[in-house]
Amino acid sequence: MRSSPPTTDAGGSHRPTGRIPVVVQAPDPISRAGVRSLLGQQPVIDLLDEVEAGPGTVAVMVSETPDESTLSLLRKLVRGDGASAVLVVGAIREAELLDVVECGVGAIVWRHEAGADRLVQAVLAASRGDGDLPADLLGRLITQVGSLQRTAAGQAGVPLTGLVPREVDVLRLVAEGMDTGEIAGKLSYSERTVKNVMHGLTTRLQLRNRAHAVAYALREGYL
């Protein structure tokens, strides 16, 4: 049996089919080499050079903390280049968490948990457009955005618009950490319906991924 031929990208290089193209960004060569070594052993990963980030690729960004330079690069990768993003980080302050999500980061991995399996899980989630936040970070995000929503609650005359009940139901389960299959089973929907609901609301409201959609729903008082 012959294997499928490799695909050819815009630059003319050949890329194996069925693998996720990944670029690694890190502030130092040791961190970059370490992450590339872990991902390079995985059959589902196709490692690219940093300059090849673009639509359809997943950018794995390593940083001790999400400082302004990290946030600027994440915005460029996601908004400018069209890549999906995974942030591998040592610590995140409360004030930085929402900034990270609103940059378009859908998956966050603690550096001390960044083994091969955990990194691949995050890359797969980012490539599908799913969210993958550690449970403690998800709780902090809910608390932070809930606080922002309560602060704005006294501003009268601004109606809450944008989400229909079915979208709220789906996002509530996304916020609880459920994947597409679990949400479909909980709501008695097909997985295609759940994906269509998520695609519809993220496209309509110009949200970048599931984590951003949850942040939006929390900020607007739906959750």
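Residues numbered from 1 in each chain as written. Predicted model: local features only at pLDDT ≥ 70, side-chain atom pairs only at ≥ 80, totals over all residues. Heavy atoms only, no water.

Asker: An account of the pattern of salt bridges is needed here, citing residue identities and associated values.
Answerer: On inspection of all chains with the given rule, the structure shows seven salt bridges. In this structure, Lys-76 engages Asp-81 in a salt bridge whose closest nitrogen and oxygen atoms are separated by 2.9 Å. The residue Asp-169 makes a salt bridge to Arg-172 at a minimum N-O spacing of 3.5 Å. Taken together, the residues Asp-169 and Arg-172, both in helix 6 (residues 165-175) and three residues apart, mark about one turn of the helix. (Salt bridge = Lys/Arg side-chain N within 4 Å of Asp/Glu carboxyl O. Helix = DSSP H or I, 4+ residues; strand = E, 2+ residues; numbered from the N terminus.)

Asker: With reference to specific residues and values, describe the side chain of Glu-96.
Answerer: With respect to the helices, strands and loops of the structure, Glu-96 is situated in helix 3 (residues 94-102). Among the residues examined, Glu-96 registers a relative accessible area of 8% and is labelled buried. Among the polar contacts listed, one links the side chain of Glu-96 to the side chain of Arg-93, at a separation of 2.7 Å. Once residues lying within four places of it in the same chain are set aside, the contact partners of Glu-96 are Pro-66 and Ala-91. (Buried < 20%, exposed > 50% of the residue type's maximum accessible area, 1.4 Å probe, protein only. Polar contact = N/O pair within 3.5 Å; in protein donor to acceptor, adjacent residues only side chain to side chain. Contact = heavy atoms within 4.5 Å.)

Asker: Would you mind going over the confidence of the model for the chain in detail, with residue names and values included?
Answerer: Across the chain, the average pLDDT comes to 80, with 83% of residues at or above 70. Confidence drops under pLDDT 50 across residues 1-16; counting only partners more than four residues distant or on other chains, this segment forms 20 contacts. Of the regions scoring below 50 in pLDDT, residues 148-161 engages in 11 contacts with residues more than four places distant in sequence or in other chains. (pLDDT = per-residue confidence, 0-100.)

Asker: Let's hear about the sheet that holds strand 3 (residues 20-25): which residues, and what values?
Answerer: Ordered by their spatial adjacency, five strands build an open sheet running 4-3-5-6-7, and the pairing between neighbours is parallel. The outermost strands of the open sheet, each flanked by one partner alone, are strand 4 (45-47) and strand 7 (107-110). Pairwise comparison of adjacent strand axes, ignoring direction, gives a mean angle of 30° for this sheet. Taken together, the six bridges between strand 5 (residues 58-63) and strand 6 (residues 84-89) define a ladder with parallel strand orientation. By the bridge assignment for strand 6, Val-62 is matched with Val-88. Packed onto the sheet, helix 1 (residues 29-40) meets strand 3, strand 4 and strand 5 and runs at close to 160° relative to strand 3. (Pairing = 2+ DSSP bridges. Axes fitted to C-alpha atoms, helices over the stretch in contact; angles between N-to-C directions.)

Asker: Hey, could you go over the side chain of Arg-118 for me, with residue numbers and the actual values?
Answerer: The topology assignment puts Arg-118 in helix 4 (residues 116-128). At a separation of 3.0 Å, a polar atom in the side chain of Arg-118 contacts the side chain of Asp-132. If near-sequence neighbours (up to four positions away) are discounted, Arg-118 is found in contact with Ile-108, Val-109, Glu-113 and Asp-132.

Asker: Any chance you could break down the nonpolar core for me, citing the residues and the numbers?
Answerer: When a protein is soluble and globular, its nonpolar side chains tend to lie buried together. Ranked by size, the top nonpolar core spans 28 residues in total, and within it Leu-74, Leu-87, Ile-92, Val-105 and Ile-108 carry the most contacts. Sorting the residues of this core by element identifies strand 5, helix 2 (68-80), strand 6, helix 3, strand 7, helix 5 (135-152) and helix 9 (210-219) as the ones contributing at least two each. When sequence neighbours within four positions are dropped, the list of residues in contact with Val-105 reads Leu-74, Ala-85, Leu-87, Val-100, Asn-209 and Ala-211. (Core = buried A, V, L, I, M, F, W, Y, C linked by side-chain atoms within 4.5 Å.)

Asker: An account of unusual backbone geometry is requested, with residue identities and associated values reported.
Answerer: Non-glycine residue Ser-188 carries a positive phi angle of around 60°. Tracing the sequence through the fold places Ser-188 in the loop between helix 7 (180-187) and helix 8 (191-204). You can call Ser-188 exposed: its relative accessible area is 69%. Not every positive phi belongs to a glycine, and Gln-206 is a case in point at roughly 55°. Relative to the helices and strands, Gln-206 resides in the loop between helix 8 and helix 9.

Asker: Run through helix 1, naming residues and quoting values.
Answerer: With 12 residues, helix 1 should cover 16 Å at 1.5 Å per step; its first-to-last C-alpha distance of 16 Å lies within 8% of that length. Listing the buried residues of helix 1 in full gives Ser-31, Val-35 and Leu-39. The buried side chains of helix 1 occupy one side of the element, clustering within an arc of 60° when seen end-on. In this structure, helix 1 carries Pro-29 and Ile-30 as exposed residues pointing more than 90 degrees from its buried face. Looking at the buried residues of helix 1, the elements they touch are strand 3, strand 4, strand 5 and helix 4. Where helix 1 begins, one side-chain oxygen reaches toward the backbone nitrogen of Ile-30, 3.2 Å away; that side chain belongs to Asp-28. (Expected span 1.5 Å × (residues − 1). Arc of directions from axis to C-beta.)

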